[in-house]
Amino acid sequence: MTSRLLQRSLGSPDYDGIRQALRDDTSTPVISVRGLEVRVAVLPLFTHDGRQAVRVSSTEPLTHVLVGVDSASGTDVTLLMPEVDAPRVLTLECRDDAGVVGSAEVTVTPQRRWSVFVVHHSHLDIGYTDPQGTVLRHHLDYLDTALRLAEESASWPDDAKFRWSVESSWPALKWLEARPKELTDRFTELARAGVIEVTAFPFQLHTEACSTEELHRQLRFTQELGFPVRSAMHTDVPGAVVGLVDALSMAGVRYLAAAHNWAGRSVPYLHGGDKLTRPFRWRAPSGNELVVWFTDTPHGMAYMEGNTVGLTDSYELADDLLPRYLSALATRGYPYGPGTFGWQGPDAPKEPYELDVLHLRVQGAHADNAGPSIVPARIARRWNEQWAYPRLRSAVNSDFFDHVVERYHDRLAVHEGDWTDWWADGLGSGARPLGYVRRAQSALRVAETLHTLAGVDATEQVDAAYDKVALFNEHTWGAANPWEDAEEAGDSGGLQWTRKSSGAYQAQDDAADLLHAATRRFAAALSQDGDTGALASFAVFNPATTARTDVVRAFLPRDVVALDVPIALVDARTGRTLPHHEEVVHPEDWPTRPIGRHIHAVVPDISGYSHVRLDVVPGATQAPEPVELDPTGVIENEFYRVAYDVREGHISSIFDKRAGRELVNADAAAGFGQYVYDQYATAPHFNHLSGHVGAHDRTLLGDRAIGRHARITKVQRTAVGEKLVVELHGKGVDWIRTTIELHAGVPRLDLTYQLAKQGTPAKEAVFLAFPFAAGPATAWELTGGVGGPDVPRVPGSAEYMLPIRHWIAFEDPELTIAWATLEAPLVQLGTIHMPYAPFPPTLDQEDGTVYSWALNNIWDTNFPAQQQGETTFRYAVTSEVGARGRRLGAVAASGLTEPLVAALVNGSGTEQTYVSVDHPDVLVTSLGRSGDECVVRLQSLAAEPVEATVTLPGLRSARDLDVVDESVKVRLPACGVAVVWGTCS
């Protein structure tokens, strides 16, 4: 009684309710007499002798007669009749011992002959249901079970044999390392025979959190297993980046089965998802394609769809429900109505499913991380003995796609662009470790490049660090109830987040260690014997593709040059002295850190992937101390004049001196760089609450506050530029520190925000506002692509937010503006939306405004329940007359993601370029080594295919390319990637 009371009161669905809804929705009441109800369903069931089925159910046992055709007694019966090829009207009579209770006319319609591919797998949550290590050990045990079940069913009919799809390959890789050879040989044999399929993703990623190189590296094992990897499964996460198409295609994968979770926050059917037919061909700008299947989101059960219709329970339940499910698919867009699951959202009109073939996922139990079961295969065996159609095949993932491609490929709709993830907002729930991971992604590219230039193959160490980065980007960020701190099961939130976040910090440490080592190895490789007359020298390396003038930070140890020795910094190319600023580390201040001086200097005109030598020579006097400026809130350099409004707590002006134009929209709702804190009138610690909450206006916006009580703490000029530091107070934080920097000769504004975040379980969000005096954004960087208002997106993509890599561009005929972010990838353009479906705006639209969604706490499961501690967010702004937005965006981002690197050397040449590319839209993302070969990785920003000449000094030969004068011509697809493998002298 208590359970029924709670179930009915809270409205949370259970399987009985979902299944009964399916029965009701797929049957028609035909007789209702004195409390007796009879319902009829014409179903796609065919016997081997050519008859089709009519199901009749009654609230009391009766004898049901299709007059002149068939009869049976009971409350649920199946009546059989010859197959019809046109509607046929029959009479149904329902009788009890006293005679006919009632009769009705029943129209029997032609039905499809379905083929159903039952794909048995386990959805891998690395955590959620248990601490991470427990989950992974269970998945290794599951593979032991899969081998045993394959042997048990080896003699069964082919369609019924147990088959297993390894949804996430990481457990398979771990299993192959941990089991004896006779077992691994048997696994390989079964994989080659198509009984077991290992799919491409190591785990289920938030792909928008990945860098392009990271995404490609996570697929590297596909060529190393000894059996083909032909398909991928993307499970739970409702969306994926456009770069996924190219990454899978380059790994030889052509098929993708996606199962988007229905858990309330996804409303694709309100944004064109009703037009997304399945399967479809997903095409990248490069022209690469995947054939994609996705489950019946939003009103289905995603990767639990096969379980819902009984395929893991019993033949009897599947016999009842599966034909009804197929009937529903054939007659309406979604097989379940919106109220079935208790989630918010209107009904979703959609055309019925067209094909007669279905990919149906099933798990061994009704849970994430469930193990294999022989039950689905047993059901398939008995089913195919009983029925000719639907034909059930116990299948691996690629079986379905082979069938579809052979029969329907040219009929499939083609969709292009990003399939923006509805769950990307969860990335903001762990802003600090996410920022560390994004810094690691940048550092790893530079670390590998410098190792390569030093003649060291660091591939193994770099891959290992990328793997740690990717593990953080895996979609499981916490327990089912993340606010709990138990030692096992779904309440182990504290344990799970400790391990998850520590992985992010370790990944950043590993990346920093690799960059530290690479810098020293690069220095050693450059150092030459011979007296340059300098006290010391630095090789300053530009890891960006384009030439730049930028600030470098170098450390000069006390044991190299004593602290009391005045120095000057000389550009060895020109002999000119460069102004520099020193920050001295004194032993009395920092006895636990290396003693010396941090030198800051602006180095002019360093070509991309080049180094120049700066010499440290005796100076006439010590470096000048910073000059304290009037606290008026104004700083400037040759390019910009920036003014800060202390009373309002934001930047009031960024004036572009070259263009003679103001960059800030002074009439915007929020000030430039303003701290905005939203708190929502929803309760914490209720699992999946956000799925049950609808926001159609601003009612649930409980409070909105901004940073106040601004106080300028520092305004100073050094030899390299001017800096303004402001401290504010605001809700949700102990303090906010804003640092605004302009460097001499550098056409870029650097902004750093440090927040001392207070921990709270309250539902909240922090935004930093950037209102530009510009029109709508014209382009933004995605993982493996470039987005924009005119760039196609897969129908049903999330529209209220953007998970970008690093930059957004605004172009107009007079001026191009670029904005870049390092740590915070989430943005909302033009307004701030409520974080509950259907995500209504809370402000009038302002096309030129970027709201950086720095952090949030809006999830009720999986993501951490609160966050706290000092957290840093860095941004950059630049502008240029006549620049292309994509190119300027990359330039703006390089100041954050690819800072100049200084290596302390003994001598070396004055300047050296290591690789160059002649097309302005083609970037060199990193250099690597593989044995004796050098690897040059390229990425194009262009919206069309381009040809670029890549020059690599010393290049003698290249795979599949002609070398002319140490150069090769490389053709890159639109927004695509390419790799040059070469041998250098």
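Residues numbered from 1 in each chain as written. Predicted model: local features only at pLDDT ≥ 70, side-chain atom pairs only at ≥ 80, totals over all residues. Heavy atoms only, no water.

Q: What should I look at first to understand the overall build of the chain in this one?
A: Looking only at helices and strands, the chain features 16 helices and 52 strands. Against the 2.2 N^0.38 benchmark of 30 Å for 985 residues, the chain shows a C-alpha radius of gyration of 32 Å, consistent with a compact globule. Along the first, second and third principal axes, the C-alpha atoms of the chain reach 120 × 60 × 55 Å. A total of 985 residues make up the chain; the buried ones form 61% of that total. Sequence-distant contacts, at least 24 apart, represent 74% of the contacts inside the chain between residues at least 6 apart. Carbon and sulfur atoms make up 48% of the accessible area of the chain, which totals about 36,300 Å². Within the chain, the 127 negative side-chain charges are centred at a point lying 1 Å from the centre of the 87 positive side-chain charges. (Helix = DSSP H or I, 4+ residues; strand = E, 2+ residues; numbered from the N terminus. Rg over C-alpha atoms; globule rule 2.2 N^0.38 Å. Buried < 20%, exposed > 50% of the residue type's maximum accessible area, 1.4 Å probe, protein only. Contact = heavy atoms within 4.5 Å. Areas by Shrake-Rupley, 256 points an atom, 1.4 Å probe, with all protein chains shown as cover. Lys, Arg positive; Asp, Glu negative; His and termini not counted. Charge placed at Lys NZ, Arg CZ, Asp CG, Glu CD.)

Q: Hey, could you run me through the pairing of strand β42 (residues 849–857) in this one?
A: Residues in a regular strand point their side chains to alternate faces of the sheet. Most of β42 is tucked away: 9 of the 9 residues are buried. Across 8 bridges, the pairing between strand β35 (residues 764–771) and β42 is antiparallel. Bridge pairing links Phe770 to Val850 in β42. Relative to β42, strand β41 (residues 826–829) runs antiparallel, the two being bridged by 3 bridges. Pairing of Leu829 across the sheet is with Val850, part of β42. (Pairing = 2+ DSSP bridges.)

Q: What is the right way to look at helix α9 (residues 315–331) in this model?
A: Counting along an α-helix, one turn takes 3.6 residues, and residues three or four places apart therefore face a common direction. Along its 17 residues, α9 runs 24 Å from first to last C-alpha, staying within 8% of the 24 Å computed at 1.5 Å per residue. Among the 17 residues that make up α9, 14 are buried, leaving the element largely enclosed by the rest of the structure. (Expected span 1.5 Å × (residues − 1).)

Q: What exactly am I supposed to notice about the side chain of Thr816 here?
A: By secondary structure assignment, the location of Thr816 is in strand β40 (residues 816–821). Thr816 sits in the buried class, given a relative accessible area of 2%. Polar contacts involving the side chain of Thr816 include one to the main-chain carbonyl oxygen of Ala883, which spans 2.6 Å. The contacts of Thr816, once residues within four sequence positions are left out, are Phe810, Glu811, Thr878, Ser879, Glu880, Ala883, Arg884, Gly885 and Leu888. (Polar contact = N/O pair within 3.5 Å; in protein donor to acceptor, adjacent residues only side chain to side chain.)

Q: Can you walk me through the packing of aromatic side chains in this structure?
A: Here the distance between the centres and the angle between the planes together describe a pair of aromatic rings. According to the stated counting rule, one finds 41 aromatic pairs in the structure shown. Summarising the aromatic geometry, the rings of Tyr753 and Tyr875 are spaced 5.9 Å apart at their centres and angled 70 degrees between planes, so their arrangement reads as edge-to-face. Here Tyr753, found in strand β34 (residues 749–757), pairs with Tyr875, found in strand β43 (residues 869–880); they are 122 residues apart in sequence, far enough to count as distant. We classify Tyr875 as buried; its relative accessible area is 0%. Where Tyr800 meets Phe839, the ring centres are 4.0 Å apart and the plane angle is 5 degrees; that geometry is what we call stacked. Linking Tyr800 in the loop between β37 (785–787) and β38 (802–803) with Phe839 in the loop between β41 and β42, this pair joins segments that are 39 residues apart in sequence. For Tyr800, a relative accessible area of 6% gives the class buried. (Phe/Tyr/Trp six-rings, centres within 6.5 Å; stacked < 30°, edge-to-face > 60°.)

Q: Is there a simple way to explain the confidence of the model for the chain in this structure?
A: Any region with low pLDDT has predicted coordinates that should not be read closely. Residues with a pLDDT of 70 or more make up 97% of the chain, whose mean pLDDT is 95. Per-residue pLDDT stays below 50 along residues 1–9; that stretch engages in 3 contacts with residues further than four places along the chain or on separate chains. (pLDDT = per-residue confidence, 0-100.)

Q: Would you explain the packing of helix α3 (residues 132–152) against helix α5 (residues 181–192) in this entry?
A: How two helices pack is summed up by the angle between their axes together with the distance between the axes. Closest axis-to-axis distance for the α3/α5 pair is 11 Å, and the angle between their directions is 65 degrees. Two packed elements cross with a definite hand, and for α3 against α5 that hand is left-handed. Taken together, the residues of α5 that come into contact with α3 (itself represented by Leu143, Leu147, Ala150 and Glu151) are Leu183, Arg186, Phe187 and Leu190. Looking at side-chain class alone, the contact of α3 with α5 contains 6 nonpolar, no polar and 2 charged residues. (Axes fitted to C-alpha atoms, helices over the stretch in contact; angles between N-to-C directions. Left-handed = near helix turned anticlockwise from the far one by under 90°. Nonpolar A, V, L, I, M, F, W, Y, C, P; charged D, E, K, R; others polar.)

Q: Please explain the sheet that holds strand β50 (residues 955–958) as it appears in this structure.
A: Where strands meet in a sheet, backbone hydrogen bonds hold them as pairs that are either parallel or antiparallel. Taken in spatial order, the 4 strands make up an open sheet running β47-β48-β52-β50, and their pairing is antiparallel. Each end of this open sheet is capped by a strand with a single partner; those strands are β47 (922–930) and β50. Going across the sheet, the axis of each strand differs from the next one's by a mean of 35 degrees, ignoring polarity. Pairing between strand β48 (residues 933–940) and strand β52 (residues 977–984): 7 bridges, direction antiparallel. Counted as the bridge partner of Glu933 is Thr983 from β52.

Q: Would you mind showing me how to read the environment of Ala413 here?
A: Locating Ala413 in the fold gives a position in strand β16 (residues 413–416). When the C-alpha atoms of Ala413 and Arg278 are compared, they prove to be 8.1 Å apart, with 135 residues separating the residues in sequence. For Ala413, the contacting residues outside a window of four places in its chain are Thr277, Phe280 and Arg281.

Q: What should I look at first to understand the state of the cysteines in this one?
A: Linking two cysteines covalently through their sulfur atoms gives a disulfide. All told, the structure shown has 0 disulfides when counted by the stated rule. Cys975 takes part in no disulfide bond, and the closest cysteine sulfur to it belongs to Cys210, at a distance of 18 Å. With relative accessibility at 4%, the residue Cys975 sits in the buried group. (Disulfide = S-S within 2.5 Å.)

Q: Got a minute to help me understand the nonpolar core in this structure?
A: One recurring pattern in soluble globular proteins is that nonpolar side chains are buried together. Grouped together as the largest cluster of nonpolar side chains are 109 residues, with contacts concentrated most on Trp282, Phe770 and Trp819. Top element by residues in this core is α3. It accounts for 8 residues. Apart from the residues lying within four places of it in its own chain, the contact partners of Phe770 are Phe672, Gly673, Leu751, Tyr753, Trp819, Gly848, Thr849, Val850, Ser852 and Tyr875. (Core = buried A, V, L, I, M, F, W, Y, C linked by side-chain atoms within 4.5 Å.)

Q: Got a minute to help me understand unusual backbone geometry in this structure?
A: It is generally the case that most residues other than glycine have a negative phi and that most peptide bonds are trans. In this structure, Pro279 follows Arg278 across a cis peptide bond, with omega equal to -10 degrees. Residue position: Pro279 is located in the loop between β11 (255–260) and β12 (280–283). Cis geometry is found at the peptide bond from Ala837 to Pro838, where omega equals 5 degrees. Take Pro838: it is sitting in the loop between β41 and β42. Even without being a glycine, Asp605 presents a positive backbone phi close to 55 degrees. One non-glycine residue, Asn862, lies in the positive phi region at around 70 degrees. Residue position: Asn862 is located in the loop between β42 and β43. Relative accessible area serves as the criterion here: at 7%, Asn862 is assigned to the buried category.

Q: Which parts of the structure should I look at to understand the sheet that holds strand β7 (residues 115–120)?
A: Strand order in the open sheet formed by 3 strands is β14-β7-β15, and the pairing between neighbours is parallel. With one partner strand each, in any of the chains shown, β14 (357–362) and β15 (391–395) form the two edges of the open sheet. Strand-to-strand twist in this sheet, taken as the mean axis angle between neighbours without regard to direction, amounts to 25 degrees. Relative to β15, β7 runs parallel, the two being bridged by 5 bridges. In the sheet register, Val116 faces β15, and the bridge partner there is Leu392. Contacting β7, β14 and β15, α9 crosses the sheet at an angle of about 130 degrees to β14. On the sheet, helix α11 (residues 397–408) packs against β7, β14 and β15 and is oriented at approximately 170 degrees with respect to β14.

Q: Would you take a moment to explain a negative patch on the surface for this structure?
A: A cluster of like negative charges, contributed by Glu484, Asp485, Glu487, Glu488 and Asp491, occupies part of the molecular surface. Among the secondary structure elements, Glu484 is positioned in the loop between α13 (459–473) and α14 (493–526). (Patch = residues over 30% accessible without salt bridge, like charges linked within 9 Å, V, L, I, M, F, W, Y side chains within 5 Å. Salt bridge = Lys/Arg side-chain N within 4 Å of Asp/Glu carboxyl O.)

Q: Help me understand the pattern of salt bridges, please; the structure alone is not making it clear to me.
A: Between side chains of opposite charge, pairing is possible as soon as their charged atoms come close. Evaluation of the coordinates by the stated rule reveals 56 salt bridges. The shortest N-O distance in the salt bridge between Arg573 and Asp571 comes to 2.7 Å. A relative accessible area of 1% places Asp571 in the buried class. Through salt bridges that share partners, Glu213, Arg217, Arg220, Glu448, Asp463, Asp467 and Arg937 make up one connected network.

Q: Quick question: what am I supposed to make of the environment of Gly74 here?
A: Within the secondary structure, Gly74 sits in strand β4 (residues 70–82). In this structure the C-alpha to C-alpha distance between Gly74 and Leu62, which are 12 residues apart in sequence, comes to 5.5 Å. Beyond its immediate chain neighbours, meaning those up to four positions away, Gly74 contacts Ser58, Glu60, Pro61, Leu62 and His64.

Q: Hey, could you run me through the side chain of Gln496 in this one?
A: For Gln496, the location among the structural elements is in helix α14. Those residues in contact with Gln496 that lie beyond four places of it in its chain are Gly127, Tyr128, Asp130, Pro131, Gln132, Gly478, Ala479 and Ala489.

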